[in-house]
Amino acid sequence: MIDNILSHIIFLPLLTALLLGLFRAKITYLKIGAMFSSVATLLLVIWTAYHFDPDGGMQFVKHSPWIQNTGMSYFIGVDYLSLVILLLISLLMPPLYIYMYHEKRKGYWYNMMLLQTGVTGAVLSLDLVLFYLFWETMLLPIFIMIGKYGNGLHQYNSMKIILMTIMGSMSMLFSIMYIGYVYFDTVGIWSFALTDLSTLTFNIKTSIWLTAGFLLAFAIKIPLVGFHTWMAPAYGSSPTPAVVIMSAIMAKLGIYGIWRFGFALFDTVLVYYAPTIIMLALIGLLYYAIRAITEDNLRKMFAYSSGSHLSLIALGLFLTNIYAWSGSLYLIATHALATTGIFIMIGLTYKRFRTVQISALGGIASKAPKFTFFFTFFALSIAGLPGTGGFVAELLIIIGAFKANFWIGVLTATTMLSAMLYIFWMLQRTLFGKANNDSDYEDLSLREVVMLLPLVILLLVTGIMPSLFTPIFEPQLTASLQEIINVIGGLK
Amino acid sequence: MLSLIVILPFLSAFIMGVVYLGDTKKKRYLFYTLIGVGIPAISTVLSFIFGIQLLGGSEPIHHTLFQWISIGDFNIEIAFMADRLSVVMISFITFIGTLIHIYAAGYMKEDEGYGKFFAYFNLFMGSMLLLVLADNPIMMFVGWELVGLSSYLLIGFYHKESSNITAANKAFILNRVGDFGFIMAISLLFISLEGSGFTFESIKANISMIDHETLTLIGILLFVGAMGKSAQIPLYVWLPDAMAGPTPVSALIHAATMVTAGVYMVARYSFIYIEIPDVGLFIASIGAASALFAAIIASYQSDIKKILAYSTMSQLGYMFMAVGLGAYSSGIFHVFTHAFFKALLFMGAGAVIIALHHEQNIFKMGGLKKELKLVYITMFIATLAISGIPPFAGFFSKDAILITAFASEHYILWSIGSLTAMLTAFYMFRLLFTVFHSQPTQRKKLHALPATMTTPLVILAFGSATVGFLGANEAYGGNSWINTFLALPDRALNISHATEYMLGGLNVFLGLLGMGLAYKLFAQEAQEAKEDSLFRKVVIHKFYIDEIYGFFILKPLLVLSDFIAKVMDPKIFDGFIYLNVWGYRKAAVLFNRLQNGKVRYYALYILIGVSVMSYYLILKLKVMS
Amino acid sequence: MSPQLFFLLASILFSIGLVGLVSRKNLFVLYMSIELMLSSVNLLLATFSKVLGDAGGSVIALLIIAVIAAEAALFLAMTVHIYRNNRTVDSDHFDKLREEAHNA
């Protein structure tokens, strides 16, 4: 059991869904089943985290052959990076299910369970083809959630996100296939396991194209500026549970992909791409924030906010020093928490007012103080207020940026300015002042507070006591970073 | 212990906040007052205990709470340091803070957000104390930002009125612009000193490791942070608008404490600033300019709180003049005295406002000296203090600053400072005479003032009258006690007693001149300033600075955002996507035409295909040979 | 008689058949072209059989003739039915396999 714990973590939601589906379970049983699977997975993940050795490398590894002749293996494992994302996924599913408490459409529940399997598998895979499989699996539930259950121009937007993402995935697939072939050519057997493939070296020209294939997929996912036009429409039309996972997890998987596969397979070539990506990230930081200023739809506004912070994470990743890397990892975690909070709040807004247009809202603070408190808290966490985890992360990245280069540091520090551009005016129009409609609505119920409280607590703890968390990932992160630096000699 | 001074207010804020959110309608007056006022009182006592310890000659007291973060060489602890500078600061911050809390208990009594108010107020106290007691730049920055947060929450306290929220936003945003510079400074500082510890003491010890250029940059960027926090040019525009908050907020945050954080910061980093006197001169110049600028505007304002707000900005200018020129102790001394009389002035103003049922225009007041006798007398004392009339506190602190300017041969700064001194006396007495002396307007019966509001006034008046002697120079019989105690690296001055007396006398003369002018113009019949000349129009509109910012910064941002939304995203990035789609569609149409269903065409295709393949196989791949 | 002449004849016949297949619309002409191509291949087979002295070629040629006969019967029968149903033997008329014209 312990041996296979990661497999259990990946497949439990899927199996629950299949079982319930097979028996055409009634909605109540479906809800119980989904809730059970998420909590059980969470417990398993916590157990894994508890037994995780910060100084070990990849742990709880399982490597079995899958399709023998073609070298595709079932190869999973967890290290400091995957652990963080794994924890996030498992932590965020139960609150989402609590949010979906009254949801009677079965599709929601099935899709979310499938989604959990997809993202968990993607983050734990160490075999390229297995990773690709899960990467594609994530898309199907999103396609259905947006396409069937979304609002606005949802079918068009669903197609847009799917097609653009697949375009990237396709180029990644080409690269994967070619790499596999090169491995076969040099070594004589087929294998797509990361540990085998990372031993390969390619000539410069080939590797530039191969890396481009991978980077395209991840750049679209993050999204970096220029590859982002799918994001706002998709977030705007998406139902809350899907948008939370998209913002909190899937976008981070783009970063994860570069971190895990990019650095393992193409460390030298990434130096070639680094200036471009850093530039795109710095532009994105401000581009998204400025765009968000005049956005009236709350979901789209925080889609742009998400893009801005993800650009910052990407920036940190390519700065290859200890501070920037730690900051990026920390921001992955804290941003996921904060963005979950804010999107849930937006969802709650929709439930009460039937709209997420800022121009139709206002005056909430007079009637619903608890609501106001949580909303403001999450908004300020996103803005990186000290006391919340976001500040620690941004501080680390800024310091890392200055260590690399003075001007990059200056531009990175603009993250202090970026979030406030849209957040304060938004809070003013949404929560304060006079109401723009006469809806009769309630403040947060106990269930809703219970759902949000863990997020608040985690954000505060990550902000006040980062030293609780840093020892978990620091040793391995320093080690991996050192390996990279040995190969590429640091940046600038 | 030392940490309790900071932790208790945060804890009480948390508790009160949770209780308040539990049921916002319940009145729990006693609970909130006991905790809300009691905790700052405890912090005051603790501060005094530590103050006495240090007075007795003990070394700076440290206390580490726990390790905050440890990544690479970035090891920061949540730790506090009570050295002479911080102990002076926390003494008056907690003392005056507690007085203002007591005042607020009276002022905010009727308000339904009473609990929320005290939660925010205590949050502020905790943050300010964290800022001052932090033993490293990062914790100071955390306090710095949290103070900005508290300010935001408190300015926007009356949240039903959207304009208050705009003021709150303005405060936070401009603070953050300053913080942008501040965090760059801290990062640079850390990177330059990497590996050798990052507390104030260790930075001070290792300062020689940093080259002069970087040091200059750090000094300037730190001051950018101060510009935002302490409302100096150009980041000051939030301060007048911040008066939208309840008056106790204005008293505590925007007079006595938060805004002085910038001055404290320069004093704390004095070991950097002594190395870069050019930056110091820059700071002093900005201070002088802000002082004069604000004084001019204050002379034409009609809202009692706004006059006091500009007055604060002006006095802050003096403080920066001092620390910029290297007279760190004098700057801190002026912070100290200013806290007394400015808090008093604001609280007095609040009392007048409440008595007149929330009237804030001084020209709608008048002749109150008999009905509000206590307020009148205490505010008179404060006005004398701020105008620099001896033996009240303001004289000694302001005098010290002007003497520094004169003695270091910065005569332009000195003359600006002296001119501003006259203007200060003028607009302050203008306020006093208009409110208390000039002809009364028609009004209802005055609202009674509770003792919680009047007692602090008396205490502070006493303070304004006496604390000046703590810093009196030898020329006046004192021994510059506070300068010696603070032991900051002040610049040494060479000036004879005779010159000091002359300058001091000049200050008094200017003060009296301003007072007399105000008396002449406003004591009998006070009239609001009219926009009859271009100069007046410009000044009454505060030099149109807000409009300029709106035009050059806000508008471009909005235009840019719109541009991205309407042109860049849809036409350029999406345009690229649509180009692909168009291409696919065209190709599809083309391929469509090949499939015409006619069998002989298909036969042709087979022919072509087989021919090409055969050619390739036979000739290129040489299958047959 | 040199084999080359026979090769030449077979190629010419094949080409005529091919061109006819591609460019003519009438079903009968299509069939004749196919027959022509088949015959030319037959000729080639027979020639090679003689040249290489292998009897197998001739055997296959005879087999092919039998197959051609069967095919002729089938094809002509179908053509008669096609004519009865559509009143035309124009191969271009039968294009149901194509895509329906859409309003792209």
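Residues numbered from 1 in each chain as written. Chains lettered and ligands numbered in written order. Predicted model: local features only at pLDDT ≥ 70, side-chain atom pairs only at ≥ 80, totals over all residues. Heavy atoms only, no water.

**Re the overall build of chain B**
And then number 1: On a plain count of helices and strands, chain B comes out with 24 helices and 2 strands.
And then number 2: By its C-alpha atoms, chain B is 115 × 60 × 55 Å across when sized along the principal axes.
And then number 3: Relative to its full complement of 625 residues, chain B shows a buried share of 59%.
And then number 4: Look at the contacts in chain B between residues 6 or more apart in sequence, and 80% of them connect residues 24 or more apart. (Helix = DSSP H or I, 4+ residues; strand = E, 2+ residues; numbered from the N terminus. Buried < 20%, exposed > 50% of the residue type's maximum accessible area, 1.4 Å probe, protein only. Contact = heavy atoms within 4.5 Å.)

**Here's the deal with the layout of surface pockets**
And then number 1: If you add up the space inside the second largest pocket, you get close to 910 Å³.
And then number 2: Forming the boundary of the second largest pocket are 28 residues, of which Leu421 of chain A together with Ile173, Ile553, Leu554 and Leu557 of chain B lie nearest the centre.
And then number 3: Going through the elements one at a time, helix H10 (240–293) and helix H17 (415–431) of chain A together with helix H6 (162–192) and helix H23 (545–594) of chain B are the ones with two or more residues in the lining of the second largest pocket.
And then number 4: Grouping the amino acids of the lining of the second largest pocket by side-chain chemistry returns 19 nonpolar, 6 polar and 3 charged. (1 Å grid on protein atoms, 1.4 Å probe; cavity = no way out; pocket = protein on both sides within 12 Å on 5 of 7 lines; lining within 4 Å. Points joined across faces, edges and corners; volume = space filled by probe spheres on them. Nonpolar A, V, L, I, M, F, W, Y, C, P; charged D, E, K, R; others polar.)

**Structural notes on the packing of aromatic side chains**
And then number 1: Per the stated rule, a full pass over the model turns up 72 aromatic pairs over all chains.
And then number 2: Through a chain of ring-to-ring contacts, the aromatic side chains of Tyr29, Tyr114, Phe117, Phe118, Phe121, Phe157 and Tyr158 of chain B assemble into a single cluster.
And then number 3: For the cation-ring pair, Arg299 of chain A lies above Tyr350 of chain A, with the distance from its terminal atom to the ring centre recorded as 5.6 Å.
And then number 4: The aromatic ring of Trp425 of chain A is capped on one face by Arg429 of chain A, whose charged end is 3.7 Å from the ring centroid. (Phe/Tyr/Trp six-rings, centres within 6.5 Å; stacked < 30°, edge-to-face > 60°. Lys NZ or Arg CZ within 6 Å of the ring centre and 35° of its normal.)

**Regarding the pairing of strand E2 (residues 74–82) of chain B**
Residues and elements named next belong to chain B.
And then number 1: With 7 of 9 residues buried, E2 is to be regarded as a mostly interior element.
And then number 2: Looking at chain direction, strand E1 (residues 61–71) and E2 are connected through 9 bridges and run antiparallel. Within E2, the position partnered with Ser70 by the bridge is Asn75.
And then number 3: Here E1 hands over to E2 after 2 residues, with Gly72 in that stretch at a positive phi of 60°. (Pairing = 2+ DSSP bridges.)

**Focus: the environment of Ile304 of chain B**
Residue and element names in this part refer to chain B.
And then number 1: Relative to the helices and strands, Ile304 resides in helix H14 (residues 304–324).
And then number 2: Separated by 203 residues in the primary sequence, Ile304 and His101 place their C-alpha atoms 21 Å from one another.
And then number 3: Sequence-distant contacts of Ile304, defined by excluding residues within four places in its chain, comprise Ala349, Ile353, Gln360, Ile362, Met365, Leu431 and Val435.

**Side note on empty space enclosed by the protein**
Residue and element names in this part refer to chain A.
And then number 1: For the structure on display, the rule yields 7 cavities of 30 Å³ or more.
And then number 2: Quantified by volume, the largest cavity comes out at close to 60 Å³.
And then number 3: Among the elements that line the lining of the largest cavity, the one with the most residues is H10, at 3 residues.

**Here we look at the arrangement of the chains**
And then number 1: The assembly contains 2 pairs of chains in contact; the pair sharing the most contacts is chains A and B.
And then number 2: With no contact between them, chain A and chain C keep their nearest C-alpha atoms 18 Å apart.

**Topic: the interface of chain A and chain B**
And then number 1: Taken together, the contacts link 57 residues of chain A with 54 residues of chain B.
And then number 2: Approximately 5,100 Å² of surface area, both sides summed, lies buried where chain A meets chain B, with 72% of it carried by carbon and sulfur atoms.
And then number 3: For the pair chain A and chain B, the number of links is 1 salt bridge.
And then number 4: For Lys160 of chain A, the salt bridge identified is with Asp574 of chain B, shortest N-O distance 2.9 Å.
And then number 5: At the junction of chain A and chain B, the tally comes to 23 residue pairs in polar contact (both at pLDDT 80 or more). (Buried area = accessible area lost by both parts, 1.4 Å probe. Salt bridge = Lys/Arg side-chain N within 4 Å of Asp/Glu carboxyl O. Polar contact = N/O pair within 3.5 Å; in protein donor to acceptor, adjacent residues only side chain to side chain.)

**As for the environment of Ile155 of chain B**
Residue and element names in this part refer to chain B.
And then number 1: Secondary-structure assignment places Ile155 in helix H5 (residues 137–155).
And then number 2: Once the C-alpha coordinates of Ile155 and Gly245 are considered, the two residues, 90 residues apart in sequence, prove to be 4.0 Å apart.
And then number 3: Ile155 has contacts with Asn164, Ala167, Ala168, Ala171, Ala242, Ala244, Gly245 and His254, leaving out every residue within four places of it along the chain.

**Here we look at the packing of H14 of chain B against helix H17 (residues 393–407) of chain B**
All names here are of chain B.
And then number 1: Packing of H14 against H17 leaves a shortest axis separation of 9 Å and a crossing angle of 45°. When the axis of H14 is compared with that of H17, the two are oblique. Here H14 runs over H17; the crossing is left-handed. Here Gln315, Tyr318, Met319, Met321 and Ala322 of H14 come into contact with H17, specifically with Lys398, Ile401 and Leu402.
And then number 2: A per-class count over the contact of H14 with H17 returns 6 nonpolar, 1 polar and 1 charged. (Axes fitted to C-alpha atoms, helices over the stretch in contact; angles between N-to-C directions. Parallel < 35°, antiparallel > 145°, perpendicular 65-115°, else oblique. Left-handed = near helix turned anticlockwise from the far one by under 90°.)

**Re the pattern of salt bridges**
And then number 1: Counting across every chain of the model gives 14 salt bridges over all chains.
And then number 2: The salt bridge involving Glu295 of chain A is made with Arg291 of chain A; its shortest N-O contact spans 3.1 Å. Accessibility classification places Glu295 of chain A together with Arg291 of chain A in one group, the buried group.
And then number 3: The residue Lys25 of chain C makes a salt bridge to Asp90 of chain C at a minimum N-O spacing of 3.9 Å. Here Asp90 of chain C lies in the segment after helix H3 (55–86) and Lys25 of chain C lies in the loop between helix H1 (3–23) and helix H2 (27–52), a separation of 65 residues in the sequence.

**Re the side chain of Thr211 of chain A**
Residue and element names in this part refer to chain A.
And then number 1: Tracing the backbone through its elements, the reader meets Thr211 in helix H8 (residues 204–221).
And then number 2: Residue class for Thr211 comes out buried when judged on its relative accessible area of 1%.
And then number 3: In this structure the side chain of Thr211 is engaged in a polar contact, spanning 2.4 Å, whose partner is the backbone oxygen of Ser207.

**Some words on H3 of chain C**
All names here are of chain C.
And then number 1: Between the first and last C-alpha of H3 there are 46 Å, a value that for 32 residues agrees with the 46 Å anticipated at 1.5 Å per step.
And then number 2: Buried residues belonging to H3 abut H2.
And then number 3: At the N-terminal end of H3, a side-chain oxygen is found 3.0 Å from the backbone nitrogen of Gly56, two or three residues along, and the residue is Asp54. (Expected span 1.5 Å × (residues − 1).)

**Focus: the interface of chain C and chain B**
And then number 1: Contacts between the two partners involve 15 residues from chain C, matched on the other side by 10 residues from chain B.
And then number 2: In total, chain C and chain B occlude about 1,100 Å² of area from one another, counting both sides; carbon and sulfur atoms represent 57% of this.
And then number 3: Counting the contacts that link chain C with chain B gives 1 salt bridge.
And then number 4: Asp92 of chain C is the salt-bridge partner of Arg600 of chain B, the closest N and O atoms lying 2.7 Å from each other.
And then number 5: Along the contact surface separating chain C from chain B lie 1 residue pair in polar contact (both at pLDDT 80 or more).
And then number 6: A per-element tally of the side of chain C that touches chain B places H1 of chain C first, with 4 residues.
And then number 7: Residues that form the side of chain C that touches chain B fall into these classes: 6 nonpolar, 3 polar and 6 charged.

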